[in-house]
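What follows is each chain in one-letter form.
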Amino acid sequence: MQPGKATAIAHPNIALIKYWGNRDHALRIPANSSLSMNLAGLSATTTVAFDDSLTEDGVVLNGVERSGAAKDRVVKMLDRVRAMANLHACARVESRNDFPSGAGLASSAAGFAALAVAAVAAAGLRLDEAALSRLARTGSGSACRSVPGGYVEWQAGVEDTSSFAFSIAPPEHWALRDVIAIIDAKHKSVGSTQGHALADTSPMHAGRVATIPDRLNRVKAAILNRDFAALAPVVEEDALAMHAVMMTSAPPLIYWQPATIAVIHAVRAWRAGGLPVCFTIDAGANVHCLCEPSAAEEVQRRLRAIAGVQDALTASPGGPAHLVSNHLESVR
Ligand code: DP6
C-alpha cells in the first residue's frame, strides 16, 4: 500500500441530550446515549499526509506545532489507522478551525471527526459511516456525532462495535438555529475528558443516566415532528441534569458564570412571552440558545444586550464530515 494524503471537513455539534460520563474511558464508551445537531457555519479542516521520509508524526493545530498531550491524542488515532491499514509511515497532520478558537466553543468534535475521515482516506482505506464514527469516538466522544449529517443519535452501546452515531434526520429536515452566547472565551480549567472521569463520583449521575431513555425518546419525537414546544423543556431538563451531576462531583465542576445564569433566566422569560427559544450548556460558561429560524435575529439581538455576553454567533443544521480532496493518486 502506497501512503497518501487527504483533506476532510467536519462541523462541531451541539448536544440536545448530553454525553457525560463513560462506561469505558479508554475507548470512550459513554454512560448514556446522546443526540445532537451538527453546526453549519463552523468547521474544522484537517489534512493528513503519510510520508515515508518522516521520522516522527507532526501535528499543527491552528498554525501552532503541538507537542505533549494534544499531539499524543492525535498520534493515538493515527496509530489506530496505521494498524488497520498495516501502514508504517509517519504522518503530518494540519488542522484549522474557521471559528474563533478562543471563543470557548468545543473544537475537539469537529477536529477528530475530520481527522478520522482524512486519516482513513490518506491510508487508502474505505470504511462505512458507522466505522468512521467509531474511530472518531476514540479521539473525542462527541466527535462520533460529527461524522453523520444533520440530527444525529449516538447509541451508547456496550463495547467498541456497538457504540457509534447515525443520522435520524438530514439538516434540511428542520432549520433550527443555535445562537451561541459567548460568555467566557478562555480555555476551560477542567476539560471534558477529566470531567467525564468525575461523573461517577456524583450521587446524581445514576439518576440522570436512568432517566435518559425517556428524554431521548421525547427529544427524538419532537425533532421528527418539528415540535419546538415539546423540544424546549426536555433540552433544558437534560442540560440542567448534566450540570447537577457536574456540580455534585468530587471535586465539584462549576462551569457557570453570572452571565450564564442571566441568560438562563432571560431565555425562560422570553419563551414564556412567546419567543420559541430554549437553552443548553456544555462544559463551559457559554449558552447555546436553540430557536426556530424566525426567532434567531431577535434572540441574537437580545443576547447581545445582556451584561457579560461578549458576542452571539448563529449556526444552522450542518451536513456530515466529508473529504474535500484525496491526493492518493498523485502520490502513487
Ligand atoms: C458537555 O466529547 O468533549 O459537550 O471524549 O473527552 O473529548 P472527550 O469529551 P467530549 O465531551 C462532550 C461533553 C459535552 C456534552 C456533549 O457534547 O454531549
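Heads up: the structure comes first, above all this text.
Summary of the structure given here. Everything quoted here is computed from the prediction, not taken from an experiment. (Residues numbered from 1 in each chain as written. Predicted model: local features only at pLDDT ≥ 70, side-chain atom pairs only at ≥ 80, totals over all residues. Heavy atoms only, no water.)

**Some details on the environment of Thr314**
With respect to the helices, strands and loops of the structure, Thr314 is situated in strand β15 (residues 311-317). Among the residues examined, Thr314 registers a relative accessible area of 38% and is labelled partly exposed. With 240 residues separating them in the primary sequence, Thr314 and Val74 have C-alpha atoms 29 Å apart. Contact partners of Thr314, with chain neighbours within four places excluded, come to Arg177, Asp178, Val179 and Gln300. (Helix = DSSP H or I, 4+ residues; strand = E, 2+ residues; numbered from the N terminus. Buried < 20%, exposed > 50% of the residue type's maximum accessible area, 1.4 Å probe, protein only. Contact = heavy atoms within 4.5 Å.)

**Remarks on the site of the ligand**
Close to the ligand lie 17 residues; Arg28, Arg73, Gly141, Ser142 and Thr193 are nearest. A distance of 2.8 Å is found between an oxygen atom of the ligand and a side-chain nitrogen or oxygen belonging to Arg145. Side-chain polar atom of Thr193 to an oxygen atom of the ligand: 2.6 Å apart, as the coordinates give it. Contact with the protein chains removes 96% of the 460 Å² of surface that the ligand exposes when unbound. Top contributing element to the shell around the ligand by residue count: helix α4 (residues 192-198), with 3 residues. (Near = heavy atom within 4 Å. Polar contact = N/O pair within 3.5 Å; in protein donor to acceptor, adjacent residues only side chain to side chain. Areas by Shrake-Rupley, 256 points an atom, 1.4 Å probe, with all protein chains shown as cover.)

**Details of helix α1 (residues 68-85)**
The terminal C-alpha atoms of α1, which comprises 18 residues, lie 25 Å apart, in line with the 26 Å expected from a rise of 1.5 Å per residue. Within α1, the full set of buried residues consists of Lys71, Val74, Val75, Met77, Leu78, Val81, Arg82 and Ala85. Buried residues of α1 fall within an arc of 160° about the axis and therefore sit on the same side. Pointing more than 90 degrees away from the buried face of α1 are the exposed residues Ala69, Lys76 and Ala83. Looking at the buried side of α1, the elements it contacts are β6 (44-51), β7 (58-61), β9 (90-97), α2 (108-122) and α3 (129-139). Positive phi appears at Asn86, one or two residues downstream of α1, with a value of about 55°. (Expected span 1.5 Å × (residues − 1). Arc of directions from axis to C-beta.)

**Side note on the side chain of Arg145**
With respect to the secondary-structure elements, Arg145 resides in the loop between α3 and β10 (151-155). Of the side chains bearing the opposite charge, Asp282 lies closest to the buried Arg145, which forms no salt bridge; the N-O distance is 6.4 Å. Here the side chain of Arg145 touches Ser36 through a polar contact of 3.0 Å, side chain to side chain. In this structure Arg145 touches Asn13, Ala15, Ile17, Tyr19, Ser34, Ser36, Asn38, Val152, Trp154 and Ala165, once residues within four positions along its chain are discounted. (Lys, Arg positive; Asp, Glu negative; His and termini not counted. Salt bridge = Lys/Arg side-chain N within 4 Å of Asp/Glu carboxyl O.)

**Regarding the packing of α1 against α3**
Remark: α1 packs on α3, axes separated minimally by 9 Å, with the N-to-C direction vectors making an angle of 145°. Two packed elements cross with a definite hand, and for α1 against α3 that hand is right-handed. On α3, the residues touching Arg73, Met77, Arg80, Val81 and Met84 of α1 are Leu135, Ala136, Thr138 and Gly139. When the residues that make up the contact of α1 with α3 are grouped by side-chain class, the tally is 5 nonpolar, 2 polar and 2 charged. (Axes fitted to C-alpha atoms, helices over the stretch in contact; angles between N-to-C directions. Left-handed = near helix turned anticlockwise from the far one by under 90°. Nonpolar A, V, L, I, M, F, W, Y, C, P; charged D, E, K, R; others polar.)

**With respect to helix α5 (residues 205-224)**
The terminal C-alpha atoms of α5, which comprises 20 residues, lie 28 Å apart, in line with the 28 Å expected from a rise of 1.5 Å per residue. In the structure, α5 departs most strongly from a straight axis at Ile212, where the bend amounts to approximately 40° and where the proline Pro213 lies between one and four residues downstream. Within the span of α5, buried status applies to His205, Arg208, Ile212, Arg215, Leu216, Val219, Ala222 and Ile223. In this structure, the buried residues of α5 make contact with β2 (13-17), β5 (34-40), β10, β11 (164-169) and α6 (228-247). Looking one or two residues past α5, Arg226 carries a phi angle of roughly 50°, positive in sign. (Bend = angle between axes of the 7 residues up to and from the residue.)

**A closer look at the packing of aromatic side chains**
One pass over the structure, following the stated rule, counts 2 aromatic pairs. Their ring planes at 65° and their centres at 4.7 Å tell us that Tyr19 and Trp154 sit as a pair that is edge-to-face. Remark: Trp154 occurs in strand β10 and Tyr19 occurs in the loop between β2 and β3 (22-24); sequence separation between them is 135 residues. Using a relative accessible area of 8% as the deciding quantity, one classes Tyr19 as buried. Arranged with centres 6.4 Å apart and planes meeting at 65°, the rings of Phe164 and Phe166 form a pair that is edge-to-face. The exposure class assigned to Phe166 is partly exposed, which follows from its relative accessible area of 27%. (Phe/Tyr/Trp six-rings, centres within 6.5 Å; stacked < 30°, edge-to-face > 60°.)

**Brief notes about the pattern of salt bridges**
Enumeration according to the criterion identifies 18 salt bridges in this entry. One salt bridge in this structure joins Lys18 and Asp282, with 2.6 Å as the shortest N-O distance. Linking Lys18 in the loop between β2 and β3 with Asp282 in the loop between β13 (277-280) and β14 (287-291), this pair joins segments that are 264 residues apart in sequence. According to the relative accessible area criterion, Asp282 is partly exposed, its value standing at 24%. Across the pair Glu236 and Arg271 runs a salt bridge whose closest N-O atoms are separated by 2.7 Å. Within this pair, whereas Glu236 is found in helix α6, its partner Arg271 is found in helix α7 (residues 258-272), the two being separated by 35 residues in sequence. Among the residues examined, Glu236 registers a relative accessible area of 2% and is labelled buried. Here the residues in one salt-bridge network are Arg208, Asp214, Arg215, Arg218, Glu237 and Asp238, joined through shared partners.

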